[in-house]
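Here is how the chains run, residue by residue.
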Amino acid sequence: MFRLLRPFEYLEPSCVAEAVEMLVRYGEKARIFAGGTDLVISMKKRQIVPDYLIAIGHLSELDFIEAEPNGTLRLGPLATHARLAASPLVWQRFPMLATACNEVGTPQVRNMGTIGGNVCKAGPSQDTPPVLVSLEAKLHLVGPSGKRTVPMDQFCTGPFCTVLAQDELVVEIEIPPLPPRSAGCYKWITKITATDETLAGAGVVVVLKEDGSFEDVRIGLGSVAPMAIRARRAESLLRGTWPEAAQIAEAAQIASEEAEPRSRAAYRRRMVQVLVNEGVTEMQRQIAASMQEAGR
Amino acid sequence: MEGHAADNRKSAVHQGAEVAQFSVVGTRIRQPDGPAKATGEAKFAGDISLPGMLIGKILRSPYPHAVIKSIDTSKAEALPGVMAVLTPDNVAEWKTFDRGMKDMPLVAGGYRVPSEEAVVNKVARHYGDAIAAVAAVDEHTAEEAIELLEVEYELLPFVLDAEEAMQPDAPQVSDLAPDNVGKHLFYPYPEGDVDKALAEADLVVSGVFSTHKQDHCTQETAACVAYLDASGRLNVWSQCQLAHLGRRELASIFKMPVNRIKLMTPFVGGSFGQRGAVCAEPIAVALALRSKRPVRLVFSREDNFLGLESRTGFKKIDIKMGFTSDGTLTAIKTQMIGTLGGYMGCGPMSSVIGMTLAMGHYRCPNRFGEAHMVMTNTPVSGAMRGFGNDAMMFCIEQLMDDAARRLGIDPIDIRLKNAKEPGEIASMGLELESTYMEDCLQLGAEAFGWHEKRTQAKKDEGPIKRGYGMATMSHCTGAAPLYLEHSNAMVKFNEDGSADLTVHPAPVGQHIWGALSQICAEELGIRAEDVHIVTGDTDVTLFEYGSDASRSTYAIGGATLRAARQAKEQMLARAAEMLEVPADRLEVKDRVVVVKGRPDKTVTVAEVCYDAIYAFGGRATNFAGKQSFESTWNSPTYGAYFAEVEVNTETGRVHVPRFVTAIDCGKAINPMAVEGQLEGGLQQGLGYALTENFIVNPKTGVVETDNYDSYKVPGALDMPDSTVLIVDKPDPKGPFGAKGVGEPGMVGIPPCIANAVYDAIGVRLRDLPMTPERVLEALTEKTEGETETVRGE
Ligand SMILES: Cc1cc2nc3c(=O)[nH]c(=O)nc-3n(C[C@H](O)[C@H](O)[C@H](O)COP(=O)(O)OP(=O)(O)OC[C@H]3O[C@@H](n4cnc5c(N)ncnc54)[C@H](O)[C@@H]3O)c2cc1C
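Sequence positions are assigned chain by chain, starting from 1 and proceeding in written order. Chain A is the first chain written and ligand 1 is the first ligand written, with later ones labelled in order. A pLDDT threshold of at least 70 governs which residues receive local features in this predicted model, and a stricter bar of 80 or more applies before side-chain atom pairs are shown or counted, although totals over entire chains, interfaces and linings include all residues. To obtain the side-chain values, all non-hydrogen atoms of the structure were included, while hydrogens and water were left out.

Novice: Describe the side chain of K333 of chain B, and please don't skip the residues or the numbers.
Specialist: All names here are of chain B. Here K333 is to be found in strand β16 (residues 329-341). Polar contacts involving the side chain of K333 include one to the side chain of D195, which spans 2.9 Å. Note on contacts: a residue pair qualifies if any of its non-hydrogen atoms lie within 4.5 Å across the two residues. In this view, K333 contacts V194, D195, L198, D318, I319, K320 and F368; residues no more than four positions away in its chain are not counted. Segments assigned H or I by DSSP are reported as helices when at least four residues long, segments assigned E as strands when at least two residues long, and all are numbered from the N terminus. The definition of a polar contact used here is a pair of N or O atoms within 3.5 Å, where within protein one atom must be able to donate a hydrogen and the other to accept one, and adjacent residues in sequence count solely through side-chain atom pairs.

This is the structure:
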């Protein structure tokens, strides 16, 4: 049930270091406030009742979208879904991330909501984690004892739980470049209406060898397990092979078995199968087509 | 997954050649309440603020069935700022009220809905039942006080399912219904021998259907402000659609003469039938009386989902229809089991009204229907746009399609074959005044491209299967003769020729003020903007049944027309004196009285009105008309609906890319308002058909869909490309030929989509909502069914 917000103090640190200091000082009573699209709802539902909100929205050091010459993409946690979806740097390199960001909620939510908040919320149905998991992104964290880096697939420990310590902040999301002959996509289906929560999402990355076999395939699943997961058994069935429709379908079936959905379980599993099948098939076709194009 | 960003609405008005030329009626006027709403100036109940006003909050039962053994209020009362706490024991004197307000004098034939509901309840009969309330100086204090109430519950066994509730050993929900059958009702217009007719029919089509409890999802939640003034009069800002009945209801609960209550209707953010009862009023008034302070009570969205009536769901609708081989309908037999919830509100009548409208839609000599309306420990069922016609037409129009297919007749032709003609007896047992269903079918089919689409070969689109479906419906205009249909209006001329119209509809967003001002202005011969609407205060307005049953334009408009005519006659009599011609030689148009055939001989309406008011020598008078309207006829509105659907056979999702609605609502007083009703109805109908679902946890009785994060209303991106066509031929009885249009917008949507789904995938979906899971399940059954037949052969 939604209720009134309890009173809280709104703090505006002048830099990341001060934000960390505040986290240390107020401990469990404080929360980082980025776009607030998620936090305010949790507060209204009294799932979280913080006494202090540490606002970071104005910290420009956390607000960037940058690409390195080698293709690595560095995202500040404050990058909003709207800006990520519209950024040429993003949609040229990782269109699947732009797709996922563009799928989040409604324009209002995309204008306010940040990728940092999306990742740190760590809810099972967030849209960017299945993509970031399949892209093997890394998160850079800062705490009182300095910096550390955590691979995306080790960041979540359960629904709404992460390895982030109480006094730590995500300061960057790093996405390594994809090798040649690769492509990725995000496939999803909402619960029922157009702007609804995601019922199942699949981030699919396929890398082909020159001979057309699967050098690598990575499948990140969202909304169908306590957190975004990799469908590793399905991946290994395909890796190193020249899969045809039946084999991709079998891998999709295995991926659906790797999912652990709670509500509407049978339907979600079935959708995982549909999405993975569609994603892998399309990426295989897409890379093959561009290889043919390049060969000409 | 992709929506249409562009404005995807189209519409057209098709006037009959014989239509009289109007100057105000039929024009797309800007609504009188538009600027106030656009600027935010419009006051809704929740905007009203009074000095010293308190804020109310409600405590709701977390259990579906429990006795409230005790409530310890000491901590809450000790909280500074808490001014009143209501518990079942301390409000026992304000005993029961009739939720639906549909008692004896309102319903013909003595149909009565007793209720054992109190302002707050000693026995919680459903999850979310109101069991206590507080008033405090601000919302935070009120919320804290609610959290400080210590309730001791004695849990009782509960039953959630209507069919289980009918079992002999089921827990008893209400003392009023020992067997849980709140009402055992029959179709009121039975005819012939239905069993014999079914036995003799060339073809019998049948099915068992179910429908669900759609929530009205009013944009504004229930809200009320109440205070007792120094003279002991109760002032209430109430959203009630039926203001005078709301006042009567409060008078009976709080034991006051009706004229000690001033009930004011502010702007209301949507109703769709939900405000047909008193909603926030009883608790707000009780808190005001106890605290002796003004109180504002605004429901949360959860309060709205749990504490108010929503659409009556039917656990089972079993229908059989008989046909001769040429497609003539010979028999309809209906058996329904409806879910009432914990109290009897308007729910029971959903069955009677639904059967009446749907079983009388087509000509059919043998008809029988029966309903068991069953009490359960779930939130209460009531009336919502369609009032049961939606559920019944969902079934009948699918069976009609089945019959057409099995007899090899086009779905449009079978409907035309069985369509009623003017002069026959209409669904409500009265003579049918007008029907242009054929025009609806023709216009709709043409705009949709029905014949081409149904005959052309379908392209291969992989897992997407495309289908085309149609449906028709008719819906009453007002509820005569089953319900009281009494409206009143007063019209007075001012000295400058402007006019004030005093009426009391509910301004729930349907733009009724505009329609009434057009009717008034057309009759008076002035412009719509010359008419000021005086409304929203029972101290000033005459008795008004209110705004429900698609009746406002028809019935309140009917009273308006009569009152305007009376005022006009007075004005023309004076003009006749001034122009020295008999009054019957005068006509009035665009603010000027003209002698017929003598365009040079004129006097303005303003001059006549001025002459009457500022007159000496015993000639002073204020032209004013006051008239009642009680319809003893009922002109159904007809509609034809056409849908294109894409069914994804992998995901089970049904997408509706295109929809055409063609409506015969008589003369469209303001086509823009008609289009608004039909587009809104389409959206609400899509939600009912596909996305919305009121889910009660079968183990705990907890309502799982108590807000928009779980209860899914379709949004702009889910809307199809929509075309609205208005036949625009006048009805002989309605004011300037108008009929109702509020409910028709949504009644035909679910069967139309279901028929299109059948066309796409060859599977009948008999349960609402048509969820992806149900679509996939039906597809699986179909494939399995097919394999069996093959094996059998
Ligand atoms: C109507 C609506 C629809 C939505 N639809 C979707 C959807 O389709 N898909 C989807 O994925 N999400 C959706 N969301 C959820 C939400 O909007 C997104 O998850 C968004 O990205 C959250 O970002 P934020 O900046 O608003 O986070 P906030 O609400 O500010 O924070 C969320 C959490 O992350 C923590 N946090 C934020 N930034 C940091 C940081 N840098 N370091 C450490 N902790 C941090 C906060 O303390 C908080 O616990 C929706 C929300 C709404 C209201």
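Novice: Break down a negative patch on the surface for me, with residues and values.
Specialist: Each patch groups residues whose relative accessible area exceeds 30% and which form no salt bridge, using 9 Å between like charges and 5 Å between nonpolar side chains of Val, Leu, Ile, Met, Phe, Trp and Tyr. The protein chains shown are the only cover counted for residues, whose accessible areas, like all others here, come from Shrake-Rupley with a 1.4 Å probe. Just to be clear on terms, a salt bridge is a Lys or Arg side-chain nitrogen sitting within 4 Å of an Asp or Glu carboxyl oxygen. Note that His is not counted, nor are the chain ends; the positive residues are Lys and Arg, and the negative ones are Asp and Glu. Lysine's charge is taken at NZ, arginine's at CZ, aspartate's at CG and glutamate's at CD. Negative charge collects at one region of the surface, where D767, E777, E781 and E784 of chain B lie side by side. For E777 of chain B, the location among the structural elements is in helix α20 (residues 772-792).

Novice: Account for the environment of E250 of chain A, naming residues and giving values.
Specialist: All names here are of chain A. Looking at where E250 falls in the secondary structure, it is placed in helix α10 (residues 245-258). Each residue's exposure class comes from its accessible area (1.4 Å probe, protein chains only) as a fraction of the maximum for that residue type: buried when under 20%, exposed when over 50%, partly exposed otherwise. On the basis of relative accessible area, E250 is assigned to the partly exposed category, the value being 43%. Placed 15 residues apart in sequence, E250 and A265 show a C-alpha to C-alpha distance of 19 Å.

Novice: I'd like a rundown of the site of the ligand, residues and numbers included.
Specialist: Residues and elements named next belong to chain A. Neighbouring residues are identified by heavy atoms, a residue being near a molecule or strand if any of them is within 4 Å of it. Taken together, 29 residues are adjacent to the ligand, and I32, T37, H81, T114 and D127 come closest. Between the ligand and A34 there is a distance of 2.8 Å, counted from an oxygen atom to a backbone nitrogen or oxygen. Contact between the ligand and T37: an oxygen atom at 2.6 Å from a side-chain N or O atom of the residue. Here the ligand has 980 Å² of accessible area as a free molecule, and 87% of this is covered by the chains. Broken down by secondary-structure element, the contributors of at least two residues to the shell around the ligand are β2 (30-33), α2 (39-44), α7 (115-121) and β10 (169-175). Residue contributions to the shell around the ligand peak at 5 residues, all from α7. As a working rule, the residues Ala, Val, Leu, Ile, Met, Phe, Trp, Tyr, Cys and Pro are called nonpolar, Asp, Glu, Lys and Arg charged, and the rest polar, with Gly in that last group. When the residues that make up the shell around the ligand are grouped by side-chain class, the tally is 13 nonpolar, 11 polar and 5 charged. The start and end points of each domain follow an automatic or database-based domain assignment. In this structure, the shell around the ligand is formed jointly by two domains, domain 1 (9-55) and domain 2 (60-175), each of which donates at least three residues.

Novice: Can you lay out the nonpolar core for me, pointing to particular residues and giving the numbers?
Specialist: We define a nonpolar core as any set of buried Ala, Val, Leu, Ile, Met, Phe, Trp, Tyr and Cys residues linked to one another through side-chain atoms lying within 4.5 Å. Of all hydrophobic cores here, the largest spans 190 residues; its most connected members are L97, I175 and L221 of chain A together with M321, I396, F642 and I753 of chain B. Per-element accounting of this core gives the leading share, 10 residues, to helix α10 (residues 389-407) of chain B. Each residue touching I175 of chain A, except ones within four places of it in the same chain, is listed here: G71, T72, L73, L75, F94, L97, L132, L135 and A137 of chain A. Judged by nonpolar contacts, the second largest core, of 53 residues, contains A563, L586, F623 and A738 of chain B.

The analysis is restricted to geometry; functional conclusions fall outside its scope.
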